[in-house]
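Remarks on the overall topology
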Amino acid sequence: MIRQQARAFWASIRIGWAIESNWTSVPLYLLYAAVRPLALCVLVYFVYKVVNPHPGGDPYFMGIYLGNTFFTVFITLTGGLSWAIITDREQYQIVRYVYITPAPFMMTILGRAVTFLGIAFSNVFLILLVGRFALGLPLGVGNVNWLLLVLAQVLGLVAAAGIGLFFAGLLLVTARHSLLLAEGIGGVFLLLCGVLYPTTKLPLALQPVAWLNPLTLWIEASRRAFGVVSFDTRLATLPTWLLLILLTLLTGAFAWLGVRAFLGFEHLAKRHGKIDQTTNY
Amino acid sequence: MSRIGLLLRAIWARAYVRIVGGNRELSWMLSEVLLPMISLSAYIFIYRSLGAPRIYEGLVVLGGAMIPFWIGVLWSMASQFYWEKETGNLDLYMASPMHPVTLLVGMAVGGMFMSFVRSFFVLLLGVFVFRVELTAQQPLLLVLLFSLTLTSLFSMGMAASSVYFMVGRVGIKINQILIEPVYLLAGLYFPVTHLGRFLLVLAALIPLTLGLDGVRQLLLPGGASIGLLRPEIETGILAVMTVVFTIGAVRLMRVLEQKGKRDGTMSLRWQ
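Residues numbered from 1 in each chain as written. Chains lettered and ligands numbered in written order. Predicted model: local features only at pLDDT ≥ 70, side-chain atom pairs only at ≥ 80, totals over all residues. Heavy atoms only, no water.

Quick word on the pattern of salt bridges
The condition that has to hold: One side-chain nitrogen of Lys or Arg within 4 Å of one carboxyl oxygen of Asp or Glu is enough to make a salt bridge. Numbering goes from the N terminus for both helices and strands, where a helix is a DSSP run of H or I of at least four residues and a strand is a run of E of at least two. Think of it in three bands: with a 1.4 Å probe and only protein chains considered, a residue is buried below 20% of the maximum accessible area for its type, exposed above 50%, and partly exposed in between.
Following the criterion strictly, the structure yields twelve salt bridges over all chains and no others. When the shortest N-O distance is used, the salt bridge between R36(A) and E180(B) registers 2.6 Å. Taken as a pair, R36(A) in helix α2 (residues 26-48) and E180(B) in helix α9 (residues 180-185) lie in two separate chains rather than in one. Each member of the pair, R36(A) as well as E180(B), carries the same accessibility label: buried. With its nearest N and O atoms 2.7 Å apart, the salt bridge here joins R14(B) to E84(B). Of this pair, R14(B) sits in helix α1 (residues 3-24) while E84(B) sits in helix α4 (residues 80-87); the two residues are 70 residues apart in sequence, bridging distant segments of the chain. Among the charged side chains, a salt-bridge network with shared partners connects R48(B), R54(B) and E57(B).

Structural data, given as C-alpha cells:
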C-alpha cells in the first residue's frame, strides 16, 4: 500500500514537472519561472528608491527584499496548486481519470506541490543572486544562520502547503472564480503577513490576524537567518526559540486544517457532481 | 444584408459577451475588483511605512486602476484565440461569413468596456478608502490621452492575438510572463522615471507606460513633478502607436491565418 502510494507520488511529481516545463529546455524554463517573482522583488527596489536613492545599502530594504523573496515561495506553491486543479479539471479534463487509478487524489496533489516547491526554491536562489550582485545587498553566505534558515523553511513550507491545500480544495467546489482565486489569493497574504512592511503598520484590527499567521513568523525567521533582526519591532521582541515554537504550533494547526479542508471540499465536490466540472471553458 | 451591416453585427456579437455577459455576474465583478485592490493596498502601506508623500498613494491607486486594462489585453485579447481554439469556437468563427478582423474589433470593444468598469471601481475604492486626491487638469487632454492609451493597448493585443493561430501552450506561457515584468516596466507602483535609461527605452515601447504616466500627470496634484514626458507628447506617441499596432494587427492576422491553415495549427488543441 505504502509502496503503491509512493509510486503514485513520484509519478505525480514527474507529471507535474512535464506539464510545467516540457515546452522548453530545463535551464530556460527555470529562468522563465523566476522572471515573475523576480520582477516583483525588483519592483519593490524601485518603490524604495522614492525614499532612498541607494536601497542596496539600507538594512530596512534588505528586510523588505528578503521578505518578498521568501514570500514568492508561498505564491509559487499555492498559485501552482490552484493552477494544477484548474488545468487538470478544466483544460486537460483528466481529473476523473485520476480517480479511476488506485492512488488517492491527495497524493497526486501533493506530488504536484513538490514540483512547485522545486521551482520555488530555484526562484529564491536566482532572486538572492540578483539581490547580491545586481542590487548590491550584503547577502553573504558567511552571514547566514543555516540551521535557522533550514528549520524556518521546513516549517514555513508545511504551513504554505496547508494553506495551498485549502485553496486547492476550495477550487474543487468553486465555479468560474478559479482563475481569480489562483492569482488573487497571494495579494491577501501579501497584505497581511508583514512581507513589505512591519505588521505594526497594518490597521489595528488586522494586526492580530497577521501575528496568528504562520507565514508572518516564517518570513520573520527567514529574515533573522540572514541577520535582519529589527525589521518588525513587535516581532523583534520574541526570542528566536519562542518564534520557532510558535511557528511550529501554528504550522501544525494550519497543515491539519488544510488537509481536513481539502478532504471536506473534495467530498462536497463529489457529492454535488462538481469534481470534473468545466466552468472556465 | 449589406457588408457594413454584417461587419457591425459581428463586432456587436463578439463585444456583447463582454459588455453584457462579463458584467452580469456580480460576484465576478466583486472578486475582480477586490482581489487586485488588496494587493494594491500592500503597496500603499509600504509607502506609508516609508513616510513617503501622499502623492505616491495616488500614484499606486492610478497604477492599480490600469491593471484591469493590461490584464484585459493579455487574457481577453492576446490569448483569446488560444481559448477559442481549445473550446472549438475558432473553427466556427472561420467558417462563418464574417471577416476575422471584426472578431478582433469586437473583442477589443467589449474588452475595453469590461476593463473600464473594473478600473472605475478600483478608482472609486482608492478615492473613498484611501482618500486619494485626484484633480482633473486639462480634462480634454486627459480624455484624449486616456482614449489613445486604450486604443493603442488593445490594438497591441489585437496584433498579439494572431500569434495563437500558430502556437498553443508556449503562447500562454509568454502571456503569463508578461504580467509582473510589465507592472515593473510600466512603473505601476512607482514613478517610471526611476528606471534607468536602458529600461526606460524598453518601457516606452509599452503603451501602458506612457498612458499611465500621462494620466498621473493630469490627475494627481503635483503629478507633473514625477512625469516622464509632457502629456501632449505622450498623447502624440500613443496616437502613432495606435495606428502602427492596428495596421500591424490586420496584416499579421492575414499572414498568420493563412499560415495556421496551411500548417494545420489553427484548430490543433492541447499543443
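The structure having been displayed, the exposition proceeds.
Describing the environment of S39(B)
All names here are of chain B. Within the secondary structure, S39 is located in helix α2 (residues 26-50). Residue classification places S39 among the buried residues on the basis of a relative accessible area of 18%. For the pair S39 and L219, spaced 180 residues apart in sequence, the C-alpha separation works out to 22 Å.

Here we look at unusual backbone geometry
Even without glycine at this site, Q93(A) takes up a positive phi of about 50°. One can find Q93(A) in the loop between α3 (59-91) and α4 (95-99). Given the relative accessible area of 30%, Q93(A) is considered partly exposed. Phi is positive for R131(B), which is not a glycine, with a value near 55°. Within the fold, R131(B) resides in the loop between α6 (100-129) and α7 (139-161).

Remarks on the confidence of the model for chain B
Residues and elements named next belong to chain B. The cut-off we apply is this: pLDDT expresses, on a scale from 0 to 100, how confident the predictor is about each individual residue.
Per-residue confidence for chain B gives a mean pLDDT of 87; residues scoring 70 or more make up 99%. The least confident element of chain B, judged by mean pLDDT, is α4 at 80; the most confident is helix α11 (residues 207-219) at 95. With pTM at 0.88, the complex prediction returns an ipTM value of 0.87.

Thoughts on the interface of chain B and chain A
What counts, and what does not: In this analysis, two residues are considered to be in contact whenever any of their non-hydrogen atoms come within 4.5 Å of each other. Put simply, buried area is the surface a 1.4 Å probe can reach on two separate parts but cannot reach once they are joined, added for both.
In this complex, chain B contributes 38 residues to the contact, which on the side of chain A involves 38 residues. For the pairing of chain B and chain A, the buried interface totals around 3900 Å² over both sides, and the portion due to carbon and sulfur atoms is 75%. The tally of links from chain B across to chain A stands at two salt bridges. Take the side of chain B that touches chain A: its biggest share by element is 15 residues, from α2(B).

A closer look at the nonpolar core
Heads up, the rule is: Among buried residues, those of type Ala, Val, Leu, Ile, Met, Phe, Trp, Tyr and Cys that are joined through side-chain atoms within 4.5 Å constitute a nonpolar core.
Within the largest apolar cluster, 172 residues are counted, with the highest numbers of intra-cluster contacts made by L196(A) and W70(B). Sorting elements by how many residues they give to this core places α3(A) first, with 15 residues. Each residue touching L196(A), except ones within four places of it in the same chain, is listed here: V44(A), I64(A), N68(A), L190(A), F231(A), A42(B), Y43(B) and I46(B).

Side note on helix α8 (residues 169-177) of chain B
Burial of α8(B) is extensive: seven of the nine residues sit out of reach of the surface. The set of residues buried in α8(B) consists of R169(B), G171(B), I172(B), K173(B), N175(B), Q176(B) and I177(B). At its buried positions, α8(B) is contacted by α1 (2-21), α2 and α3 of chain A together with α3 (55-78), α4 and α9 of chain B.

As for the confidence of the model for chain A
On average, residues of chain A score 89 in pLDDT, and 96% of them are at 70 or above. Per-element averaging of pLDDT across chain A places helix α7 (residues 178-192) of chain A at the bottom with 77 and helix α9 (residues 214-225) of chain A at the top with 96.

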